[in-house]
Structure formats: structure tokens, C-alpha cells
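Below are the chains, spelled out letter by letter.
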Amino acid sequence: MKETLFAKFAELYGDDNDARFYFSPGRVNLIGEHTDYNGGHVFPCALTIGTYGIARPRTDRLLHFYSMNLDHFGVVEVSLDDLSYQAAYNWANYPLGMVWAFAEKGYVLEHGLDMLIWGNIPNGSGLSSSASLEVLTGVVLRDLYGFDALGMTDLALYGQYSENNFNGCNCGIMDQFAVANGKKDNAIFLDTADLSFEYAPVVLTDSKIIITNSKVKHSLVDSEYNTRRSECADALKALQTVLDIKGLGDLDMETFEKHKSVIGDEVKERRAKHAVAENQRTIEAVAALGAGDIERFGQLMNQSHVSLRDDYEVSCEEIDILVDLAWKIPGVLGSRITGGGFGGCTVSIVKNDSIDAFIETVGKAYLEKVGHEAEFYTVEIGDGARRLS
Ligand code: GLA
């Protein structure tokens, strides 16, 4: 694979002398969904699938971006003298957004670069291909231009900044953080209120984490996502008139129940209820995992799904079908939607001796009910974004 990528790089850009090789993973979130913009906890891990990149500085002021997955766009060329978002750049707005974000933060590029990428994160699966590409570009820029003062969390924050302000999705920090700071065989217990985090070893003796891709990508994702975010902000504002809190993550359920009527809107109240309950569930789930109680971890995953489906309303028919099917199979300890929602993937913990039955039964019934196939991947937890050579 590396040879193919370097050969393509040389074909596009003349040769591959001094070109450097990078990798940035995708991520899956185990629990703690839609809590990261509410000052709550999340529990994601980096995957071993992700985005590979080859890059080399140029001497002029041109940026060249090429994707081997979307080769029909050809080489997208942008001048450093005009770093504006252009719809025609399509996917290249993600790496360009990082160049822009670096410049906004004072890390201005004096000369351009040639870049080629190829990724194996399934398209539109909700496994963070955009965060992967953003942080990949961050690692490339830091390395090629010597911005050594920047740490991995800075690169994650720049990724979020570019996604919020350049690409228009008001996402939280979870995806970029997980991609930047991932660690093999560990999930990241991150408190988004202050970005403090701990690695938690994911030791599953007789079960595995399985991702099921519904292969449904709903176009609503960005607009509905931004709506959920502002509904939570409104609920917080109302609660702040009676409580001294910075985010919904500061609340336990009891305090929330006592004061929720101040929100004065049934829908916003349900959104806030999810944010509060999900944060509490995440804290409990990480403790359960640490204590080796995978059964409890699985139950909390199931509760997370119900809350995302009914109170937060970010699931969809196909995902609910996958989760309902999974719940019926003996040996499935927990199953839920993962990521932003409205399609994408579920994450399940399945006993080793039930994995074949899980894939066969869920796969067959899903095809019958929905009319297209689901895809299954066994999770391998990998390291964060880095230079390979
Ligand atoms: C998307 C966003 C994240 C997070 C999740 C939901 O993946 O990018 O910041 O909010 O949705 O948990």
C-alpha cells in the first residue's frame, strides 16, 4: 500500500524525493454521546483504520491536495494568498481549513506543499474521517514547517476550530481529541469541561467490540447537529438563572430533576435530560470497565441508545433496527448508536463465541428489513496521529 501511494505521489508531483509519510486514525466512541459540547465526559478510542498522507514542502505559494479515494477531483490547487472556503474544493476544504486555522492562530505558512491522501475509513460511516483528515493535516503542517511548540491537543483544538469556523459544523472536541491522542488498546476518558483525560485499558477477556455500519448517511447530520447543540445551550441558559453551573455536565440527575421546569420547553428539557444522564452514565461505565464489570458497561450502552433514540432523537430507523436485532442475541452485552447520529454505525460488545451468530443473524435480518447489507468490523484500538517515515 505504501509503495502504491508513493508511486502515485511521484506520478503527480514529479518524484517522491524527501516526501514524508503520515497516518491519522478514525475513532469510535464507546459511550458518552453528545456530551462533549455540554462540558461532559466522553469515552472514545482511536482505530487502526484511518487516513494515510504523503507530503512535501514546495518553494512557491501553492497548496496541492490529492485524494486517491476521490481521484475524480484531481489535484486541488489553492494559493496561500487566498485561503477562502470554496465549495468546488470539496473534500480539500478539510486540509485547507487546517492551513487557514494555523494562520488564524499565528502559524503562517510561507511556502506551499504537495500532499496526497488515501483513507480506509468507510465513507460516511460516522467514524470520523473528517477529524482524521484534519489532525493528519495538523501533524503534517507541524512537522514540515517546524511548528514544534504545538502539542497533540493543540492540533485537536485547531481541527475543531477549522471544522467549526471553516467547514461549518459546530462539533465538539471529542473526535479530533481521540484521533490526536489515541493509544493502542486504551480508550480515552476525557472530561470536556477542562480537557483533562485518563487512558483506560480496554481489556476484554472473552468478548470483542464490533462496529456495524448501517451504510446509511442522512444528509441532516450537520443541520440537526447544530440544532441539538443550540437546544442544549438554551436549556443551559435557563438553568443558569437558578443554578451556578458552567455546563450541563456539572449536573447530576437529582439536581436536574429538581430544576428542569425552569427550561420551559418540553423538547429542550428532553435534550438536556439526555446530556445530563449520558454524562452520569459515562462516568459509571468507565468505573464498571475498570472493575471488570463488562455486563454493567453493556447495560449502560443500551441505556445510552434509548436516551439517544427517545430524548435526543438522533437515531434513525435503520440504526434502531440494527440495535433491536443485536439486543435479541444472547452474548451481546451491549449495543448502541455511536457518533453524531442519523445513520452511520452502531457499536456492540459481543462475547467471542457469539460473534459469528451475531454477524450472521443481524446481517441477514438487516438485509431483509432494510434492503441493503450492513458491514461488520472488529475493533482494534490503535495509536493517535503520527509521522510514519
Ligand atoms: C460528532 C461530533 C462530536 C460529538 C459527536 C456526538 O461526532 O463531531 O464532537 O459531539 O458527534 O457525541
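Worth saying up front: this structure is predicted, and the values here are computed from it rather than measured.

Calculation criteria
Residues numbered from 1 in each chain as written. Predicted model: local features only at pLDDT ≥ 70, side-chain atom pairs only at ≥ 80, totals over all residues. Heavy atoms only, no water. Near = heavy atom within 4 Å. Polar contact = N/O pair within 3.5 Å; in protein donor to acceptor, adjacent residues only side chain to side chain. Nonpolar A, V, L, I, M, F, W, Y, C, P; charged D, E, K, R; others polar. Axes fitted to C-alpha atoms, helices over the stretch in contact; angles between N-to-C directions. Helix = DSSP H or I, 4+ residues; strand = E, 2+ residues; numbered from the N terminus. Parallel < 35°, antiparallel > 145°, perpendicular 65-115°, else oblique. Left-handed = near helix turned anticlockwise from the far one by under 90°. Contact = heavy atoms within 4.5 Å. Buried < 20%, exposed > 50% of the residue type's maximum accessible area, 1.4 Å probe, protein only. Pairing = 2+ DSSP bridges.

**Examining the site of the ligand**
Then, number 1: Residues in contact with the ligand, as listed here, are R27, E33, H34, D36, Y37, C171, G172, M174, D175, Y225, G339 and G340.
Then, number 2: Contact between the ligand and H34: an oxygen atom at 2.7 Å from a main-chain N or O atom of the residue.
Then, number 3: A class-by-class count of the residues in the shell around the ligand yields four nonpolar, four polar and four charged.

**Re the packing of helix α2 (residues 93–104) against helix α3 (residues 129–145)**
Then, number 1: Between α2 and α3, whose axes approach to 9 Å, the crossing angle comes to 50°. Our classification of the angle between α2 and α3 gives oblique. Judged by the sense of rotation from one axis to the other, the crossing of α2 with α3 is right-handed. Side by side, α2 and α3 meet where Y94, P95, M98, V99 and F102 of the first sit next to S130, L133, E134, T137, G138, L141 and R142 of the second.
Then, number 2: Residue composition of the contact of α2 with α3, grouped by class: seven nonpolar, three polar and two charged.

**Structural notes on the packing of helix α9 (residues 294–310) against helix α10 (residues 317–327)**
Then, number 1: Orientation of α9 relative to α10, taken along the N-to-C sense of each, is 155°, at an axis distance of 12 Å. Comparing their axes, α10 and α9 come out roughly antiparallel. α9 and α10 meet at a crossing whose hand is left-handed. Across the interface between the two elements, N302, H305, V306 and R309 of α9 pack against I319, D320, V323 and W327 of α10.
Then, number 2: When the residues that make up the contact of α9 with α10 are grouped by side-chain class, the tally is four nonpolar, two polar and two charged.

**Brief notes about the pairing of strand β7 (residues 186–191)**
Then, number 1: Taking burial as the measure, the six residues of β7 include six buried ones, the bulk of the element.
Then, number 2: Across two bridges, the pairing between strand β2 (residues 41–42) and β7 is antiparallel. Looking at the pairing, H41 lines up with D191 of β7.
Then, number 3: Alignment of β7 against strand β8 (residues 196–201), held across six bridges, turns out to be antiparallel. Bridge pairing in β8 links N186 to P201.
Then, number 4: Turn length for the β7-β8 hairpin, with the two strands adjacent in sequence and antiparallel, is four residues, and the turn residue L195 shows positive phi of about 60°.

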